[in-house]
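# Structural overview
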Amino acid sequence: MTIERHILGLSGGRDSASLAIWMRENRPEVELEYFFTDTGKELPEVHEFLDRLEGYLGRPILRLNPDRDFDFWLREYKSFLPSPRTRWCTRQLKLRPLEQWLRPSLDAGVKVHSYVAIRADEDRAGYQATHANMVVHFPLREAGIDKTGVIELLDSSGVGEPAYYSWRSRSGCTFCFFQQKIEWVRLMREHPDSFAEAKAYEKNAVEHGSPFTWSDAESLEELSQPERVAQIESDYDKRLERLRRKRRLNPLRDGLEVSIDDIYGVDEVSGGCVICHK
């Protein structure tokens, strides 16, 4: 008889959480193993949300910690910051711990079923099977659940959404380079210590010849200047107002339905780790 495992990765965001809720409500016979790859640089709101979700699921969420942290890999990469072109953070801090966790089972012939939170309104592949014994499933897509359906699942379960959605569009590291500039401004206000840490990493990287800064085309030192902050916020407000007029949205009724990525015309799912976005 073939031994099988069923796993579901949680990011600390709404989509993967809603998948866990949907599976509990609709596929209770599946004995799922929940996991979260913890880089050590996550928002505190992410951990708070995972604790709340864990209580609802009634089962533990395994925290997969990299055996070597961000600082180790930063030294290995000669102080060069990760970027959209060199995403070593995803590779070393997200995918590597997951593959190390699963490799013994896969190599022993265990069939691993991985449940991935891709919605019906998304057009992407998601995490791909990297071993012949892995099978990937997309229950939200198959059930026709879109973004609205995801939010309804979170609300009806009582779990709700992560608190960071009030100021940020995705889960992930505090210094994720996929953040919009308005999100850096908000990080500076919501978590000044994390912003200061990101600035220190950036300063060290630039001094060691790194061609990248966290935010495109400017350093965090430049971005955090009062006049630049005012410019970024003004641009955001203007874009938000244009989008509301275009969609005929009522700010009081529909304000929370508009994401930062909607405002900047970004494909939300492309701006994040393969296994840790949203």
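Above this text sits the structure in question.
Given the structure is predicted, the values throughout are model-derived calculations rather than measurements. (Residues numbered from 1 in each chain as written. Predicted model: local features only at pLDDT ≥ 70, side-chain atom pairs only at ≥ 80, totals over all residues. Heavy atoms only, no water.)

## Remarks on the overall build of the protein
For the protein, the helix and strand inventory stands at twelve helices and five strands. Scored against the burial criterion, the 278 residues of the protein give a buried share of 53%. The long-range share in the protein, meaning contacts at least 24 apart out of those at least 6 apart in sequence, stands at 70%. With an accessible surface of roughly 13500 Å², the protein has 49% of that area assigned to carbon and sulfur atoms. (Helix = DSSP H or I, 4+ residues; strand = E, 2+ residues; numbered from the N terminus. Buried < 20%, exposed > 50% of the residue type's maximum accessible area, 1.4 Å probe, protein only. Contact = heavy atoms within 4.5 Å. Areas by Shrake-Rupley, 256 points an atom, 1.4 Å probe, with all protein chains shown as cover.)

## Focus: the pattern of salt bridges
Evaluation of the coordinates by the stated rule reveals 20 salt bridges. Residue R14 is joined to E161 by a salt bridge in which the shortest nitrogen-to-oxygen separation is 2.7 Å. Of this pair, R14 sits in helix α1 (residues 14-26) while E161 sits in the loop between α6 (147-157) and α7 (181-190); the two residues are 147 residues apart in sequence, bridging distant segments of the chain. Given the relative accessible area of 28%, E161 is considered partly exposed. The partner of D15 in a salt bridge is R119, and the shortest N-O contact between them spans 2.9 Å. Remark: R119 occurs in the loop between β4 (111-115) and β5 (134-137) and D15 occurs in helix α1; sequence separation between them is 104 residues. Classification of D15 by relative accessible area gives buried; the value is 1%. Since its relative accessible area comes to 7%, R119 is described here as buried. What emerges from the salt-bridge pattern is a single network uniting D15, R119, D121 and E122. (Salt bridge = Lys/Arg side-chain N within 4 Å of Asp/Glu carboxyl O.)

## A closer look at the packing of aromatic side chains
Using the criterion set out here, one finds twelve aromatic pairs in the structure. Judged by centre distance (5.3 Å) and plane angle (25 degrees), the ring pair of F70 and W88 falls under stacked. You can see F70 sitting in helix α3 (residues 70-76) and its partner W88 sitting in helix α4 (residues 88-107), a full 18 residues away along the chain. The same class applies to F70 and to W88, which are both buried. On the numbers, 5.0 Å between centres and 70 degrees between planes, the contact of F70 with Y201 is edge-to-face. Of this pair, F70 sits in helix α3 while Y201 sits in helix α8 (residues 192-207); the two residues are 131 residues apart in sequence, bridging distant segments of the chain. Exposure remark for Y201: the relative accessible area of 11% places this residue in the buried category. (Phe/Tyr/Trp six-rings, centres within 6.5 Å; stacked < 30°, edge-to-face > 60°.)

## Things to note about the pairing of strand β1 (residues 4-9)
Residues in a regular strand point their side chains to alternate faces of the sheet. With five bridges joining them, β1 and β4 adopt parallel strand pairing. What sits directly across from E4, in β4, is K111. Here β1 pairs with strand β2 (residues 32-37) via four bridges, running parallel. Each residue of the ladder has a partner; that of G9, found in β2, is F35. As for the winding sense of the linkage, the β-α-β connection from β1 through α1 to β2 is right-handed. (Pairing = 2+ DSSP bridges. Right-handed = clockwise from strand over helix to strand, strands pointing away.)

## Overview of the nonpolar core
Within the largest apolar cluster, 59 residues are counted, with the highest numbers of intra-cluster contacts made by L8, W184 and W214. Excluding residues that lie within four positions of it along the chain, L8 makes contacts with S16, L19, A20, M23, L32, E33, Y34, F35 and Y115. Counting ten residues, the second-largest nonpolar core is a separate cluster that includes W101, L106, V112 and M134. (Core = buried A, V, L, I, M, F, W, Y, C linked by side-chain atoms within 4.5 Å.)

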